[in-house]
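# Examining the three-dimensional arrangement
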Amino acid sequence: MRLPPRHAPRKQDHGTAPRPAGSTHQDGQHPVRPGANCTARRALADFRICLPPGRLLGFAPRMKRTLVKEALNAAGPMESLLLQGWVRTRRDAKAFSFVEVNDGSCLKGVQVIVDATLPDYAQVARAHTGASVAVRGRLVASQGQGQKWAVVATGFTVVGEADGTYPLQKKGHTLEFLREIAHLRPRSNLFGAVFRVRSRLAYAVHQFFQERGFHYVHTPIITASDAEGAGDMFRVTTLDLEHPPRTPEGALDHARDFFGRKTFLTVSGQLEGEIFATALSNIYTFGPTFRAENSNTSRHAAEFWMIEPEVAFCDLAGDMDLAEAFVKHLIRDAREHCAADLEFCGKFVDPGLLARLDFVLERPFQRCRYTDAVEILQRSGRKFEHAVAWGDNLQSEHERYLTEEHFRCPVTVYNYPRAIKAFYMRKNDGEAPDRQTVAAMDLLVPGIGEIIGGSQREERLAELREGMALHHLPEKDYWWYLDLRRYGTVPHAGFGLGFERMLMFVTGVANIRDVIPFARTPGSAEF
RNA sequence: UGCCCGGUAGCUCAGUGGCAGAGCAGGUGACUGUUAAUCACUUGGUCGCUGGUUCGAUCCCAGCCCGGGCAGCCA
């Protein structure tokens, strides 16, 4: 939803421990790509070609691939398995080589021992860091330190070589460098971890809502309402920009555009979400969102994913309860199901990560009225760059102070001045006209700032029209939205959670560009 | 968009108004149940681009491009 001014504290200096240079890490990890099945088939074919006929018998043509994760978690030795993945690093001895193979199924790679007497041993020389390989072998208890299982190869094939120009090295890389090779960075340790967490967290989002009887609604990506707020939206058009159709007056003739009117990429599914909440009661959306603002910060992207639940017969308190339960569910789920990846993040990205996540899980979030927050800030004795005055938006530095220093935990600020919030937020009753507030709330977390923005919606027709007038919005553009108040209106509330910001919080990664597979930011849309 | 910082080998960086440096990666060899292995040798440069100052510019100046941090906009 587009709300008037908000901002988010910038990343926390997680303790004083510096982020290790090149917190990224090592050579890499390797993603499972769409063509993985083809690769698998090719690898099998290669085996048939390269292995001597006599040994083909012992090599089932339809041998099932074992993921590295499965191998590392095996309960006991395995007589025969097929691994397919990418070489992380190789260490040669005179009589054998160690090849570390990773397939992206988990953070760790499996150690493959290839004996020099193996007929395939010549292949090993081609298996540089980054090469894709297929390995047949036995899973045995490792004789070395550092891992429980190792694979003794009985067959070894390089599927695709990677020469010395492969950009991922066996050393740390900066996040900035890896951004420039977004097609290869999922093979690095950190990005492998981040995107596995991302996948799991997306699953946890659905799990949380589905278990609570919420229905998943697909709100439109293309929308015609351009007046939800002052923010810039991306135009969607099929008009010939070189020679656009004109009206007799010379203006652009939008009636001749694809949809017969001006259309945009959505900045929020909320208004449409309300339609479904007032029918299915509890709904949520989870999809891409677009903002054309020229934002150049570590926590803004032009394309990001947002989760927006909307609940009928719910007030602001219920909304805040839901938001808190939701955030905690996501953290708990990641802690439980992405333990190794988060430990890695804690080790190389943000030393205070795990302790902070656990701390957040254990404590109830603080709640604080906007008016009280202003007072806390004014009495803090802190010199802020921006003065604190009732009626003004809280600046980044203010929000940061509240969540990182005053409360030292996530805090929900609610009941904001009406003038600085969106038209659809419910007017609080019985307040002085110069101190009029709406039932809005922002959830602030240390290190990121605003991670959730929500409100109880104005369900009263008269008050909603008043709010629209206040924000100079034409009622004719919102006739269907007003209809929801004309027919069977109910108190309802919802919020928006920035998925990437949640990921930043959970992984400790400080830049939003590093938790999105392919970041879209001003001036940047490579890949 | 504004303010600030940066751009030198594939990567991370040092450096100087007068022959361009290190570590890692790559290559060659040695050695070791190794594990960011180790050791020796070695390849590798439009010093972001354009212009200016200068006998001479990677270095000083200006403009531009790119990256980053912070702020605003927000999730």
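Anything mentioned here points back to the structure above.
Structural notes, computed from the coordinates. (Residues numbered from 1 in each chain as written. Chains lettered and ligands numbered in written order. Predicted model: local features only at pLDDT ≥ 70, side-chain atom pairs only at ≥ 80, totals over all residues. Heavy atoms only, no water.)

### Some points on the packing of aromatic side chains
For any pair of aromatic rings, the description rests on two quantities: the centre-to-centre distance and the angle between the ring planes. For the coordinates displayed, the defined rule picks out 20 aromatic pairs. Relative to W305, the ring of F286 has its centre 5.7 Å away and its plane inclined at 85°; by these criteria the two rings are edge-to-face. One end of the pair, F286, is in strand β10 (residues 282-290); the other, W305, is in strand β11 (residues 303-312), and 19 residues separate them in sequence. Residues Y370 and W390 carry aromatic rings whose centres are separated by 5.7 Å and whose planes lie at 80° to one another, so their mutual orientation is edge-to-face. Taken together, the residues span a long stretch of sequence, with Y370 in helix α11 (residues 370-379) and W390 in the loop between α11 and α12 (396-406) at a distance of 20 residues. Here Y370 matches W390 in class, with each residue buried. The side chain of K421 reaches across the aromatic face of Y416, ending 4.2 Å from its centre. Here the basic side chain of R485 rests over the ring of Y481, its NZ or CZ set 4.1 Å away from the ring centre. (Phe/Tyr/Trp six-rings, centres within 6.5 Å; stacked < 30°, edge-to-face > 60°. Helix = DSSP H or I, 4+ residues; strand = E, 2+ residues; numbered from the N terminus. Buried < 20%, exposed > 50% of the residue type's maximum accessible area, 1.4 Å probe, protein only. Lys NZ or Arg CZ within 6 Å of the ring centre and 35° of its normal.)

### A few points about unusual backbone geometry
For S281, which is not glycine, the phi torsion reads 75° and is therefore positive. Mapped onto the elements of the fold, S281 is located in the loop between α7 (270-280) and β10. Of the residues examined, S281 reaches a relative accessible area of 30% and is grouped as partly exposed. A positive phi angle, near 70°, is found at F527, a position not held by glycine. For F527, the position within the fold is in the segment after α15 (499-507). What makes F527 partly exposed here is its relative accessible area of 39%.

### As for the environment of L252
Of note, L252 is situated in the loop between β8 (235-236) and β9 (263-265). The sequence separation of L252 and A292 amounts to 40 residues, and the corresponding C-alpha distance is 21 Å. In contact with L252, not counting residues within four places along its chain, are P244, P245, R246 and T247. (Contact = heavy atoms within 4.5 Å.)

### Some details on a nonpolar patch on the surface
Together, I221, I222, F258 and F259 make up an exposed nonpolar region whose accessible area comes to about 390 Å². A relative accessible area of 37% places I222 in the partly exposed class. (Patch = residues over 30% accessible without salt bridge, like charges linked within 9 Å, V, L, I, M, F, W, Y side chains within 5 Å. Areas by Shrake-Rupley, 256 points an atom, 1.4 Å probe, with all protein chains shown as cover. Salt bridge = Lys/Arg side-chain N within 4 Å of Asp/Glu carboxyl O.)

### Here's the deal with the sheet that holds strand β16 (residues 492-498)
Within the open sheet, the eight strands sit side by side as β6-β10-β11-β16-β15-β14-β13-β12. Their pairing is mixed. Lying at the two open borders of the sheet, with one neighbouring strand each, are β6 (215-216) and β12 (366-369). Against the sheet, helix α6 (residues 189-211) makes contact with β6, β10 and β11, and its axis sits at roughly 150° relative to β10, the strand it touches most. Most of the contacts of α7 go to β11, to which it runs at about 30°, and overall it touches β6, β10, β11, β15 (449-457) and β16. (Pairing = 2+ DSSP bridges. Axes fitted to C-alpha atoms, helices over the stretch in contact; angles between N-to-C directions.)

### So, the pairing of strand β13 (residues 411-417)
With seven of seven residues buried, β13 lies mostly within the body of the structure. Bridge count for β13 against strand β14 (residues 437-445) is six bridges, and the pairing is antiparallel. Considered in β14, the bridge of V411 is made with L444.

### Comments concerning the nonpolar core
By size, the foremost hydrophobic cluster in this structure holds 92 residues, and its most contacted members are V112, L497 and M502. It is α6 that provides the largest number of residues to this core, a total of eleven residues. Among residues more than four places away in sequence, those in contact with M502 are L201, V327, L330, I331, I451 and L497. If you look at the next biggest cluster of nonpolar residues, it comprises 32 residues, including L394, F407, V438 and L444. (Core = buried A, V, L, I, M, F, W, Y, C linked by side-chain atoms within 4.5 Å.)

### Remarks on the packing of helix α8 (residues 316-337) against α15
In the contact formed by α8 and α15, the axes pass within 11 Å of each other and the chain directions differ by 50°. Taken together, α8 and α15 sit at an angle that is classed as oblique. Considering the relative orientation of α8 and α15, their crossing is right-handed. Contacts from V327, L330, I331 and A334 in α8 reach M502, F505 and V506 in α15. (Parallel < 35°, antiparallel > 145°, perpendicular 65-115°, else oblique. Left-handed = near helix turned anticlockwise from the far one by under 90°.)

### Focus on the packing of α8 against helix α10 (residues 353-362)
One way to put it is that α8 packs onto α10 with a least axis distance of 10 Å and a crossing angle of 135°. For the element pair α8 / α10, the angle class is oblique. Considering only the axes of α8 and α10, their crossing is left-handed. Here K328, I331, R332 and R335 of α8 lie close against α10, whose contacting residues are L354, L357, D358, V360 and L361. Of the residues belonging to the contact of α8 with α10, the class tally is five nonpolar, no polar and four charged. (Nonpolar A, V, L, I, M, F, W, Y, C, P; charged D, E, K, R; others polar.)

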